[in-house]
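Architecture and fold: a report
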Amino acid sequence: MADRSIQGGDGIDTFPFPVELSVGGVGMQVGPMGTGRTWHADAPLERVHRIDFHVVMLFGEGPVRHMVDFTEYEAGAGDLLWIRPGQVHRFSRTGEYRGTALTMQPGFLPRSTVEATGLYRYDLPPLLRPDAAQLAGLHAALAQLRREYEDTATLPLSLHTAVLRHTLTAFLLRLAHLAASSAEAQRQRTDSTFTLFRDAVERDFATIHSVSAYADALGYSRRTLVRAVRAATGETPKAFIDKRVVLEAKRLLAHTELPIGRVGAAVGFPDAANFSKFFHQHTDRTPAAFRAELRRG
């Protein structure tokens, strides 16, 4: 295609929709993935870049690792990747991309369809994993879209384009439902993960301060736990644990006459010096100063 890439202020090229590669010059393309993929003759897609159009890839084989907005996603057979305009992404240098790719130019569909299909829902996950029934529906809709796209002889161009818009809308409505339901399922999983973590911390904070120990006990990876806690609270798991430890220490300092060393031991610090250092880091006061302030008040 012609050299029309634009370099952003961050040095990442943005590629426009390759209209000249589209059958009939319409604002979409659909066809098989494979070798020789490119938006731009002089810029390999294995480099980080942006696009100003939509890309949907339905994989027939896998796994393939693909970076979207600096997160690596691993897609397998039957998975989809939906990359939206402006998102940074990069093709794998080693992965074999097999399946069907759909690209769509912004403005090809009317505003009502754009809103109904959530085309610019950047909060939705790019990697989608349909179940068997959903996948069958997506395969059928995409196959029909491809047939209409490649049939340029049956209808005049204006009717051909109108049929493509309607057929594309049918596919995107299925895709949008999958994306929304996947996001809701992820939210429920995140909520469940955080709830289990929160309950475990409440039970064990006096003896366990390690994020990895909680992750192992709950059967999650550390990364999964970090994502769930951050989504629910905006904090890291370590910050959540420390906050609960500090709260309990404050309660004991305020409402008991336990020596500082005993307070530290009660919240998991057998060494009084380590407890004082920890408490000071989180409150800007020593345990003794905190207790004294309360007593003066």
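Please refer to the structure higher up on the page.
Residues numbered from 1 in each chain as written. Predicted model: local features only at pLDDT ≥ 70, side-chain atom pairs only at ≥ 80, totals over all residues. Heavy atoms only, no water.

**Let's talk about empty space enclosed by the protein**
Taken as a whole, this structure holds two cavities of 30 Å³ or more when the rule is applied. In this structure, the largest cavity occupies an estimated 50 Å³ of space. In this structure, the largest cavity is lined by His54, Val55, Val56, Trp82, Leu102, Thr103, Met104, Leu119, Leu168 and Leu172. Listed by contribution, the elements that provide at least two residues to the lining of the largest cavity are β5 (54–59), β10 (99–104) and α3 (157–204). Within the lining of the largest cavity, the residues separate by chemical class into eight nonpolar, two polar and no charged. In terms of lining, the second largest cavity is formed by His54, Met104, Gln105, Pro106, Gly107, Phe108, Leu109, Val114, Leu119 and Tyr120. Residues belonging to the lining of the second largest cavity are distributed by class as follows: seven nonpolar, three polar and no charged. (1 Å grid on protein atoms, 1.4 Å probe; cavity = no way out; pocket = protein on both sides within 12 Å on 5 of 7 lines; lining within 4 Å. Points joined across faces, edges and corners; volume = space filled by probe spheres on them. Helix = DSSP H or I, 4+ residues; strand = E, 2+ residues; numbered from the N terminus. Nonpolar A, V, L, I, M, F, W, Y, C, P; charged D, E, K, R; others polar.)

**With respect to helix α4 (residues 211–218)**
Among the residues of α4, Val211, Tyr214 and Ala215 are the ones counted as buried. Looking straight down α4, one finds that the buried residues subtend no more than 100 degrees of arc, so they occupy a single side. Facing away from the buried side of α4 by more than 90 degrees, the exposed set consists of Asp216 and Ala217. In this structure Ser210 caps α4, since a side-chain oxygen of it lies 3.3 Å from the backbone nitrogen of Ser212. Gly219 lies just past α4 and shows a positive phi near 80 degrees. (Buried < 20%, exposed > 50% of the residue type's maximum accessible area, 1.4 Å probe, protein only. Arc of directions from axis to C-beta. Polar contact = N/O pair within 3.5 Å; in protein donor to acceptor, adjacent residues only side chain to side chain.)

**Digging into the pattern of salt bridges**
Evaluation of the coordinates by the stated rule reveals 13 salt bridges. A salt bridge links Asp242 to Lys238, with the nearest nitrogen and oxygen atoms 3.3 Å apart. Of this pair, Asp242 and Lys238 both sit in helix α6 (residues 237–255), separated by four residues, roughly a single helical turn. The class for Lys238 is partly exposed, based on a relative accessible area of 36%. Of the charged contacts, one joins Arg251 and Glu248 as a salt bridge, the two residues approaching to 3.6 Å between their closest N and O atoms. Here Glu248 and Arg251 lie together in helix α6, a separation of three residues that amounts to about one turn. Among the charged side chains, a network of salt bridges with common partners joins Glu202, Arg244, Glu248 and Arg251. (Salt bridge = Lys/Arg side-chain N within 4 Å of Asp/Glu carboxyl O.)

**Regarding the nonpolar core**
Counting 27 residues, the largest nonpolar core has Met28, Leu168, Phe171 and Leu175 as the members making the most contacts within it. For this core, the secondary-structure elements that each account for two or more residues are β3 (28–32), β5, β8 (80–83), β10, α2 (132–150) and α3. With seven residues, α3 is the largest single contributor of residues to this core. For Phe171, the residues in contact, after removing those within four places along its chain, are Val56, Leu102, Leu138, Ala141 and Leu142. (Core = buried A, V, L, I, M, F, W, Y, C linked by side-chain atoms within 4.5 Å. Contact = heavy atoms within 4.5 Å.)

**Quick word on the sheet that holds β5**
One open sheet accounts for five strands, arranged β3-β10-β5-β8-β11; its pairing is antiparallel. The strands lining the two open edges of the sheet, one partner per strand, are β3 and β11 (127–128). Pairing of β5 with β8 involves four bridges; the strand directions are antiparallel. Residue Met57 lies in a different strand from β8, and its bridge partner there is Leu81. In the packing of α2 onto the sheet, contacts are made with β3, β5, β8 and β10, and the angle to β3 comes to roughly 110 degrees. (Pairing = 2+ DSSP bridges. Axes fitted to C-alpha atoms, helices over the stretch in contact; angles between N-to-C directions.)

**Description of unusual backbone geometry**
Put simply, Gly62 and Pro63 share a cis peptide bond, and its omega is 5 degrees. On the secondary structure map, Pro63 appears in the loop between β5 and β6 (64–68). The phi angle at Phe70 is positive, at roughly 70 degrees, despite the residue not being glycine. Position of Phe70 relative to the elements: it lies in the loop between β6 and β7 (71–75). Not every positive phi belongs to a glycine, and Asp284 is a case in point at roughly 65 degrees. Take Asp284: it is sitting in the loop between α8 (272–283) and α9 (287–296).

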